[in-house]
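# Summary of structural features
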Amino acid sequence: MTGIAGKVIAITGASSGIGAAAARHLAERGAIVVLGARRADRLEMLAASIASKGGKASYLVTDVRQREDVAGLVGLATDRYGKLDVLINNAGIAPISLLDDLRVDDWDDMIDVNVKGVLYGIAAALPVFRRQGFGHFVNTLSTAGLKIVPTMAVYAGSKNAVRAISEGLRQEVGPSLRVTTISPGYVDTELPSSMTDSALREQGQASMKAMAIPASAIAEAMAFAIAQPDSVDVGEIVIRPTAQA
Ligand SMILES: NC(=O)c1ccc[n+]([C@@H]2O[C@H](COP(=O)([O-])OP(=O)(O)OC[C@H]3O[C@@H](n4cnc5c(N)ncnc54)[C@H](OP(=O)(O)O)[C@@H]3O)[C@@H](O)[C@H]2O)c1
């Protein structure tokens, strides 16, 4: 199936930023979007706004740290719409810090959300994709995994764990399923709000203000990969502000 219209696309981390932009963009292009995140009010507003423009959207409050929540999101797609074409594993947090600070709880949170959350997405969708004989994983990584800098060791590690998992997945799933990773640079979103170190949060917000690209740019990159014919697997997209070093 080529294109986007008629595809059922589940998105984690759909309540703000890149996930919300992807939901809006893909729904405008005729996809049925199934939205997951923890903030119910945001999901409800987004689903209503998509519906008010003639699009189709459902949502389920989903904490990607809970395997059954992610299974529920995929189940909502298949129960309500009869299939799942794409799972966008996009939920993520970035409570970055120096390793010396020993913010071990933040390390745990990044592994739980950024790595285990994606694995739970794979666990939920892979059997569905196998049964259907088609399906597409789109995993949001980061340029933080390409240029490793101080304070980002664990965040970059979490994204590069998913980079490795995605490549292994691509090789294992064979000719009928697709796997795409998208590595954004600075994007104007709420991500700094997940930063627990206030100085780093302010620095992150300042960098975003100075150069960030809009979340719609990432949504369009996702749409490009999704719209390709089934036989074309866009493996990896890196998309960053021109000004980003
Ligand atoms: N912005 C950037 O510069 C940038 C750069 C590279 C990569 N990324 C990646 O892009 C992805 C999206 O982030 P964003 O920039 O759009 O930031 P954002 O606006 O903060 O969005 C993050 C999304 O993840 C969700 N989320 C966080 N914890 C969750 C959990 N436990 N369960 C379910 N959903 C959870 C949030 O929803 P709730 O709080 O409602 O659950 C929110 O919808 C992340 O993977 C991030 O690492 C961002």
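Calculation criteria
Residues numbered from 1 in each chain as written. Predicted model: local features only at pLDDT ≥ 70, side-chain atom pairs only at ≥ 80, totals over all residues. Heavy atoms only, no water. Near = heavy atom within 4 Å. Polar contact = N/O pair within 3.5 Å; in protein donor to acceptor, adjacent residues only side chain to side chain. Areas by Shrake-Rupley, 256 points an atom, 1.4 Å probe, with all protein chains shown as cover. UniProt positions renumbered as here; feature names shortened; annotations may be inferred. Helix = DSSP H or I, 4+ residues; strand = E, 2+ residues; numbered from the N terminus. Pairing = 2+ DSSP bridges. Axes fitted to C-alpha atoms, helices over the stretch in contact; angles between N-to-C directions. 1 Å grid on protein atoms, 1.4 Å probe; cavity = no way out; pocket = protein on both sides within 12 Å on 5 of 7 lines; lining within 4 Å. Points joined across faces, edges and corners; volume = space filled by probe spheres on them. Left-handed = near helix turned anticlockwise from the far one by under 90°. Contact = heavy atoms within 4.5 Å. Nonpolar A, V, L, I, M, F, W, Y, C, P; charged D, E, K, R; others polar. Phe/Tyr/Trp six-rings, centres within 6.5 Å; stacked < 30°, edge-to-face > 60°. Buried < 20%, exposed > 50% of the residue type's maximum accessible area, 1.4 Å probe, protein only. Expected span 1.5 Å × (residues − 1). Arc of directions from axis to C-beta.

Contacts to the ligand come from 31 residues, most closely from Ser15, Ile18, Arg38, Tyr155 and Thr189. Here Arg39 contributes a side-chain N or O atom positioned 2.8 Å from an oxygen atom of the ligand. Within the side chain of Thr189, one N or O atom sits 2.7 Å away from an oxygen atom of the ligand. Protein chains bury 95% of the 880 Å² of accessible surface belonging to the ligand in isolation.

Further remarks concern the UniProt feature "domain: Ketoreductase" (unreviewed entry) in the protein. UniProt feature "domain: Ketoreductase" (unreviewed entry): in the numbering of this structure it lies at residues 7–190. Secondary structure content for residues 7–190 is 49% helix and 20% strand, while the C-alpha to C-alpha distance between its ends is 27 Å.

In this section: the sheet that holds strand β6 (residues 177–184). A sheet is described by the order of its strands in space; here seven strands give the open sequence β3-β2-β1-β4-β5-β6-β9, paired in parallel fashion. Lying at the two open borders of the sheet, with one neighbouring strand each, are β3 (56–61) and β9 (236–239). Each strand of the sheet is rotated relative to its neighbour by a mean of 15 degrees, with strand direction disregarded. Inspection of the sheet shows strand β5 (residues 135–140) paired to β6 by six bridges, in the parallel sense. By the bridge assignment, Val138 is partnered in β6 with Thr180.

This brings us to the layout of surface pockets. Space left empty within the atom packing is revealed by a probe, the size of a water molecule, rolled over the atoms. For the second largest pocket, the calculated volume is near 190 Å³. Lining of the second largest pocket is provided by 14 residues; of these, Gly17, Ala20, Ala21, Arg24 and Leu46 occupy positions nearest its centre. Only α1 (17–28), α2 (40–52) and α7 (215–227) provide two or more residues apiece to the lining of the second largest pocket. It is α1 that provides the largest number of residues to the lining of the second largest pocket, a total of five residues.

For the rest of this paragraph, the subject is the packing of helix α3 (residues 67–81) against helix α4 (residues 104–132). Between α3 and α4, the shortest axis-to-axis distance is 8 Å and the interhelical angle comes to 35 degrees. By crossing handedness, the relation of α3 to α4 is classed as right-handed. Counted together, Arg67, Val70, Ala71, Val74 and Thr78 of α3 and Tyr120, Gly121, Ala123, Ala124, Ala125 and Val128 of α4 form the full contact between these two elements. Along the lines of polarity and charge, the residues of the contact of α3 with α4 split into eight nonpolar, two polar and one charged.

Let's shift gears to the environment of Ala156. Mapped onto the elements, Ala156 comes out in helix α5 (residues 153–173). Through-space distance from the C-alpha of Ala156 to that of Ala31 is 31 Å; in sequence the pair is 125 residues apart. With residues up to four places along the chain from it excluded, the contact list for Ala156 reads Ala144, Gly145 and Ile148.

A separate point is the packing of aromatic side chains. With the rule as written, the count across this model stands at one aromatic pair. On the numbers, 4.9 Å between centres and 65 degrees between planes, the contact of Phe129 with Phe137 is edge-to-face. Residue Phe129 shares its accessibility class with Phe137, and that shared class is buried.

Here the focus is α7. The end-to-end C-alpha distance of α7, which contains 13 residues, comes to 18 Å, matching closely the 18 Å that a straight helix rising 1.5 Å per residue would cover. Ala215, Ile218, Ala219, Ala221, Met222, Ala223, Ala225, Ile226 and Ala227 are the residues of α7 that are buried.

The subject of this paragraph is helix α6 (residues 198–211). Each α-helix winds once per 3.6 residues, and so residues spaced three or four apart point in a common direction. Taking 1.5 Å per residue as the helical rise, α6 with its 14 residues ought to reach 20 Å, and the 20 Å between its terminal C-alpha atoms agrees with that figure. Among the residues of α6, Leu200, Gly204 and Met208 are the ones counted as buried. Here the buried residues of α6 occupy an arc of 80 degrees about the axis, which is enough to place them on one side. Every exposed residue of α6 that faces more than 90 degrees away from the buried side is listed here: Glu202, Gln203, Lys209 and Ala210. Packed against the buried residues of α6 are β7 (187–188).

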